[in-house]
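Per-entry structural report
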Amino acid sequence: MDIAAALAQTAFLAPDRTAEIYDALAEGWCGRVVNAHPIEGFDRPPELAPEGLWDEYWGIVEDGLAGELDALSITQRTAALGHHSNEAAIARIAEMSHMFEGVTEAASGDLPDLIKLSTLAACPKGSLGAEFHDLIVDNKFDLEVLDRTEIGIGKLPKPLDYLNTRMLQAHDLWHITAGYQTTALHEIAISAFQMAQFGHNYSAQFLSITAVIGALGPGKSYRFLMDTITSAWIHGRESPALISIAWEEVWDQPVEKIRRTYGIKAYESPYPADIIERNQGVMEKIDFVKGLLRRLMAPFSRRYQLNQP
């Protein structure tokens, strides 16, 4: 819980300390220094917590512990926490973002246009565009995850307007290019990767909630969680800046060629990517067997009860 508290503070009250906190966490957990330039936080006290923030935060945590959150609902509810951010906090996040490689240059232009599914459908087989198209269509994903207008991205100051727009577009592209699968464990992992790449504040907020749920949940799951977060954070910090890639110019290229061109290494997951889904499947089978046994034993149980004095 001490770790979770530190991650919550940097996510909501001192975002400029994100790299400092996670570099320290990764070093302490993995036993090695992150091979990247240090990014030091500002010499300022944390922001004051807005009224209502922690009530809403703990509501998400409690629903997560109760198993009442799916991938879409936790995404939407975490994103909704952004309405608690005041101008000072948003300005602090914007200022911090410029400390990450590639951000200032990438965000200096106009906001990217919407990506069209028809453009991806026209890409040759085996290309990034074709793989992206199939990922979106086969999984019934949205091209931009959330509606950029509905969540008010255009009202954010630079470079946050660009970064958040591009991340909605490129999240699944980063999955493909950086080697993250679309499983529950790797969604956690890629959040740490995104955060390491440019201080993505939504990812910091999501991971802080995940860390609390992990700290309060079954003990065995916590190691899986922290191994995943720290390994993906290191991967993100030690990878080139993917925010600098003009994806629209490389649709026709195979993923392996793009990795060679930009020096990107695929994520090496410490656990099977689908380990959460596997465990859920096992638990569902156990629950099914338990239910079947209860139904089979019910007549005998009632007979025994009737025969008691």
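The text that follows walks through the structure, step by step, so that each part is easy to find. Residue positions are counted from 1 within each chain, in the order its sequence is given. Local features in this predicted model are restricted to residues whose pLDDT is 70 or higher, and side-chain atom pairs enter the listing and the counts only when it is 80 or higher, whereas totals over whole chains, interfaces and linings include all residues. To get the side-chain values, all heavy atoms of the structure are used, and hydrogens and water are removed first.

Quick look at the packing of aromatic side chains now. Think of it this way: a Phe, Tyr or Trp ring, Trp meaning its six-membered ring, pairs with another when their centres are within 6.5 Å, and the plane angle makes it stacked under 30 degrees, edge-to-face over 60, tilted otherwise. Scanning all chains against the criterion turns up 13 aromatic pairs. With a centroid separation of 5.7 Å and an interplanar angle of 85 degrees, the aromatic rings of Trp174 and Phe193 are classed as edge-to-face. Of this pair, Trp174 sits in helix H9 (residues 160–178) while Phe193 sits in helix H10 (residues 184–198), and the two are 19 residues apart along the sequence. The residues Trp174 and Phe193 share a single accessibility class, namely buried. On the basis of an interplanar angle of 10 degrees and a centroid distance of 4.4 Å, the ring pair of Tyr180 and Tyr267 is categorised as stacked. Taken together, the residues Tyr180 in the loop between H9 and H10 and Tyr267 in the loop between helix H13 (255–262) and helix H14 (275–306) connect sequence positions 87 residues apart. Side by side, Tyr180 and Tyr267 carry an identical accessibility label, which is buried. By the criteria applied, helices consist of DSSP H or I runs no shorter than four residues and strands consist of E runs no shorter than two, each listed in order from the N terminus. Exposure categories follow from relative accessible area, calculated using a 1.4 Å probe and restricted to protein chains: below 20% of the type maximum is buried, above 50% is exposed, and the middle band is partly exposed.

The next point concerns the pattern of salt bridges. When a carboxyl oxygen of Asp or Glu is within 4 Å of a side-chain nitrogen of Lys or Arg, the pair counts as a salt bridge. Inspection of every chain in the model, using the stated rule, returns eleven salt bridges. Of the charged contacts in the structure, one is a salt bridge between Arg44 and Glu95, with a shortest N-O distance of 2.9 Å. With Arg44 in the loop between helix H2 (18–30) and helix H3 (53–65) and Glu95 in helix H5 (residues 87–97), this residue pair connects regions lying 51 residues apart in the sequence. You can call Arg44 partly exposed: its relative accessible area is 39%. On the basis of relative accessibility, which here comes to 37%, the residue Glu95 falls in the partly exposed class. Each member of the salt-bridge network shares a partner with another, and the members are Asp16, Glu47 and Arg92.

Next up on the list: the packing of helix H8 (residues 128–138) against H9. Convention adopted: a line fitted to C-alpha atoms gives each axis, helices being fitted over their contacting stretch, and angles between N-to-C directions are expressed from 0 to 180 degrees. Relative to each other, H8 and H9 sit at 115 degrees, their axes nearing to 10 Å. Judged on the interaxial angle alone, H9 and H8 are roughly perpendicular. Both H8 and H9 take part in a crossing whose hand is right-handed. Residues Leu128, Glu131, Phe132, Leu135 and Ile136 of H8 touch H9, and the partners they reach there are Gln169, Asp172, Leu173, Ile176 and Thr177. All amino acids are sorted into three groups, where Ala, Val, Leu, Ile, Met, Phe, Trp, Tyr, Cys and Pro are nonpolar, Asp, Glu, Lys and Arg are charged, and the leftover types, Gly among them, are polar. Class assignment for the residues of the contact of H8 with H9 results in six nonpolar, two polar and two charged. Roughly parallel refers to an angle under 35 degrees, roughly antiparallel to one over 145, roughly perpendicular to one between 65 and 115, and oblique to any angle outside these ranges. The hand of a helix crossing depends on one turn: near helix anticlockwise from the far one by less than a right angle means left-handed, and clockwise means right-handed. Two residues qualify as a contact provided that any one of their heavy atoms is within 4.5 Å of a heavy atom in the partner residue.

In this section: the environment of Phe100. Relative to the assigned elements, Phe100 resides in the loop between H5 and helix H6 (103–106). In this structure the C-alpha to C-alpha distance between Phe100 and Gln197, which are 97 residues apart in sequence, comes to 7.0 Å. Excluding anything up to four places from it in sequence, Phe100 contacts Ala19, Ile39, Met195, Ala196, Gln197, Phe198 and Gly199.

Below, the discussion takes up the environment of Thr228. Mapping Thr228 onto the fold places it in helix H12 (residues 219–237). Taking the relative accessible area as the measure of exposure, Thr228 reaches 1% and is therefore buried. Remark: the alpha-carbon pair of Thr228 and His186, spanning 42 residues in sequence, is separated by 8.1 Å. Setting aside residues no more than four positions away along its own chain, Thr228 makes contact with Leu185, Ala189, Tyr267, Pro270 and Tyr271.

What follows deals with the nonpolar core. Judged by nonpolar contacts, the single largest core of 78 residues is most densely connected at Leu128, Phe132, Trp174, Trp233, Trp247 and Trp251. Counting residues per element, this core draws most heavily on H9, at nine residues. In contact with Trp174, other than residues within four places in its own chain, are Met167, Gly179, Tyr180, Ile190, Phe193, Gln194, Gln197, Phe198, Leu242, Ile243 and Trp247. In these notes, a set of buried Ala, Val, Leu, Ile, Met, Phe, Trp, Tyr and Cys residues joined through side-chain atoms within 4.5 Å is what counts as a nonpolar core.

Take a nonpolar patch on the surface next. Surface patches are defined over residues having more than 30% relative accessible area and no salt bridge, joining like charges when they lie within 9 Å and nonpolar side chains (Val, Leu, Ile, Met, Phe, Trp, Tyr) when within 5 Å. Using a 1.4 Å probe, the Shrake-Rupley method yields the accessible areas, and only the shown protein chains count as cover for residues. Together, Met1, Trp58, Leu65 and Leu216 make up a nonpolar patch on the protein surface, roughly 360 Å² of accessible area in all. Within the element layout of this structure, Leu216 appears in helix H11 (residues 201–216). For Leu216, a relative accessible area of 43% translates into the label partly exposed.

Once that is clear, we can look at unusual backbone geometry. Of the consecutive residues Lys158 and Pro159, the connecting peptide bond is found in the cis state with omega at 0 degrees. Summarising the element assignment, Pro159 is placed in the loop between H8 and H9. In this structure, Lys140 takes a positive phi of about 55 degrees despite not being glycine. As for its position among the elements, Lys140 is in the loop between H8 and H9.

A few words on H2. How far a helix is expected to stretch is found by multiplying one less than its residue total by 1.5 Å. With 13 residues, H2 should cover 18 Å at 1.5 Å per step; its first-to-last C-alpha distance of 18 Å lies within 8% of that length. Among all positions in H2, only Thr18, Ala19, Ile21, Tyr22, Asp23, Leu25 and Ala26 are buried. Buried residues in H2 make contact with helix H1 (2–12), H10, H11 and H12. Following H2 by one or two positions, Gly31 adopts a phi angle in the positive range, close to 80 degrees.

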